[in-house]
Amino acid sequence: MALPLEGLSAIVTGAGRGLGRAEAWELARLGAAVVVNDYGRPGRDGSGEVSTGPAEEVAASIRAAGGQAVSHIGDVSDHEQARELIALAVARFGKLDILVNNAGILRDRMVFSMSEDEWDSVVRVHLKGHFNTIRFASAHWRARAKSGDGAPVYGRVVNTSSEAFLAGSAGQPNYAAAKGGIVGLTTSTALALAKYGVTANVICPRARTRMTEDVFAGLPGAPEGDGGGLDPLAPEHVAPLVGYLASPAAAQVNGQLFVVHGGMVAIVERPRVQAKFDTKQDVFTYDELDGLLTPYYVDRPEGETFAAAEVLGLRHGQGTAGGSA
């Protein structure tokens, strides 16, 4: 019986450690040939010397298990290096079918203390890094579609956002903004590439990795005892969703946002209009807006914003307002 991703090739960025490594392994397990990308710097803030070690170790372990994998040491926030990454996949495996964008760094600070470099570096790696790889992958898919008989090609994009965007993480204005931008990039990409046979979706994972070790330091890990068990925040809880979204089975899933962790997948609904007000004149005046909006917000819960902090309470086995499947 053929594996779901047999004959397909994939790129996973930031795959030398943590979540990206688990995703690369999952795609390989499902039959894909994988390009394991990582810049190899040890600091979660992107600091340290570039190293071939992390990416090559993951690629070598996949090959040792009988899979196909090659490593790529490169910075996806660099336009030319991102182009070379896509070109490597095409050169080694004949084509690119799956792009998983995972690479990222953290430089947390309150907005009133953040430096320009802390802002720029995080937005550059996360948001520009996603754009760079999508830019060249989408050009590859479009060229393939146009060079054939006009039939759609196979293409899957899985991007990585964060609950920090959904909930509005106060100490991560750069990270939350970049992750919000990734959602907008994903929906735009989904609409632009659908006619070529390409889907684009975005996940908000929760996992205990090098980047989040202090964030989840107080939360329980793997169960103790002979039975053991998987840490509820293990990256391996996230990887299967990435494998599914990369597969032919997910052909009808496009432009969607998922929260995933600890044996749970939540589909996040698109924003809805909460209220609408029309002017009784040609143009709103200050007094008219004061008369409409001030009473509306008087009775709203204190601290309520557009941020959806309730997503932080999602857990395996617990329903939502709309029920659980």
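Please read all numbers here as calculations on a predicted model, not as lab measurements. (Residues numbered from 1 in each chain as written. Predicted model: local features only at pLDDT ≥ 70, side-chain atom pairs only at ≥ 80, totals over all residues. Heavy atoms only, no water.)

Attention now moves to the sheet that holds strand β7 (residues 257-261). Spatial ordering of the open sheet is given by β3-β2-β1-β4-β5-β6-β7-β8, a layout of 8 strands whose pairing is mixed. Both outer strands of the open sheet, β3 (69-73) and β8 (264-268), are each paired with one neighbouring strand and no more. When the angles between neighbouring strand axes are averaged without regard to direction, this sheet yields 20°. One ladder, built from 5 bridges, connects β7 with β8; its direction is antiparallel. Looking across to β8, one finds that V260 is bridged to V265. Packing of helix α1 (residues 18-29) onto the sheet brings it into contact with β1 (9-12), β2 (33-38), β4 (98-100) and β6 (198-205), and relative to β1 it is tilted by some 175°. (Pairing = 2+ DSSP bridges. Helix = DSSP H or I, 4+ residues; strand = E, 2+ residues; numbered from the N terminus. Axes fitted to C-alpha atoms, helices over the stretch in contact; angles between N-to-C directions. Contact = heavy atoms within 4.5 Å.)

We now examine the pairing of β1. The alternating pattern of β1 places S9 and I11 on one face and A10 and V12 on the opposite face, and all of these are buried. Two elements, β1 and β2, share 4 bridges in a ladder whose sense is parallel. Residue pairing across strands places A10 opposite V34, the latter belonging to β2. Following the chain from β1 across α1 to the adjacent parallel β2, one finds a crossover that is right-handed. By the bridge criterion, 3 bridges tie β1 to β4 in an arrangement that is parallel. From the neighbouring strand, A10 faces β4, where its bridge partner is I98. (Buried < 20%, exposed > 50% of the residue type's maximum accessible area, 1.4 Å probe, protein only. Right-handed = clockwise from strand over helix to strand, strands pointing away.)

Mean pLDDT over the protein chain works out to 90, with 91% of the residues at or above the 70 mark. Long-range and interchain partners of residues 321-325, a stretch whose pLDDT sits below 50, account for 1 contact in this model, where long-range means more than four residues apart. (pLDDT = per-residue confidence, 0-100.)

What follows deals with the nonpolar core. Note on soluble globular proteins: their nonpolar side chains tend to be buried together. One finds L5, A24, L27, V34, V36, I98 and I203 to be the most contacted residues of the largest nonpolar core, which totals 33 residues. Listing elements by their share of this core, those giving two or more residues are β1, α1, β2, α2 (53-64), β4, α7 (239-245) and β7. Residues within four places of V36 in sequence aside, it is in contact with V12, A15, A24, A55, V58, A59, I62, V70, S71 and H72. (Core = buried A, V, L, I, M, F, W, Y, C linked by side-chain atoms within 4.5 Å.)

Below, the discussion takes up the packing of aromatic side chains. The final tally for this structure, using the stated rule, is 2 aromatic pairs. On the basis of an interplanar angle of 80° and a centroid distance of 5.8 Å, the ring pair of F277 and Y296 is categorised as edge-to-face. Here F277, found in the loop between β8 and α8 (286-298), pairs with Y296, found in helix α8; they are 19 residues apart in sequence, far enough to count as distant. With relative accessibility at 30%, the residue F277 sits in the partly exposed group. Aromatic pair Y296 and Y297: ring centres 5.1 Å apart, planes at 90°, arrangement edge-to-face. (Phe/Tyr/Trp six-rings, centres within 6.5 Å; stacked < 30°, edge-to-face > 60°.)

Our focus in this paragraph is the packing of α1 against α2. It is at 11 Å that the axes of α1 and α2 come closest, and there the two elements cross at 25°. It follows that α1 is roughly parallel to α2 by the angle criterion. Relative to α2, the crossing made by α1 is right-handed. When α1 is examined against α2, the residues R21, A24, W25 and A28 are found in contact with a partner set consisting of V58, S61 and I62. (Parallel < 35°, antiparallel > 145°, perpendicular 65-115°, else oblique. Left-handed = near helix turned anticlockwise from the far one by under 90°.)

Before going further, it helps to spend a moment on the pattern of salt bridges. Applying the stated criterion across every chain, the model contains 13 salt bridges. Across the salt bridge formed by D97 and K95, the nearest N and O atoms sit 2.5 Å from each other. Residue D97 is classed as buried on the basis of its relative accessible area, which comes to 1%. One network of salt bridges, in which partners are shared, links K95, D97 and R144. (Salt bridge = Lys/Arg side-chain N within 4 Å of Asp/Glu carboxyl O.)

Closest axis-to-axis distance for the helix α3 (residues 79-93)/helix α4 (residues 116-147) pair is 8 Å, and the angle between their directions is 40°. Classed by the angle they form, the pair α3 and α4 counts as oblique. The interaxial crossing formed by α3 with α4 has right-handed handedness. Along its contact with α3, which presents H79, A82, R83, L85, I86 and V90, the element α4 presents F131, N132, T133, R135, F136, A137 and H140. Looking at the contact of α3 with α4 residue by residue, the class counts come to 7 nonpolar, 4 polar and 2 charged. (Nonpolar A, V, L, I, M, F, W, Y, C, P; charged D, E, K, R; others polar.)

Turning our attention to a nonpolar patch on the surface. A cluster of nonpolar side chains, contributed by V283, F284, L289, L293 and Y297, occupies part of the molecular surface with about 450 Å² of accessible area. Of note, L289 is situated in helix α8. (Patch = residues over 30% accessible without salt bridge, like charges linked within 9 Å, V, L, I, M, F, W, Y side chains within 5 Å. Areas by Shrake-Rupley, 256 points an atom, 1.4 Å probe, with all protein chains shown as cover.)

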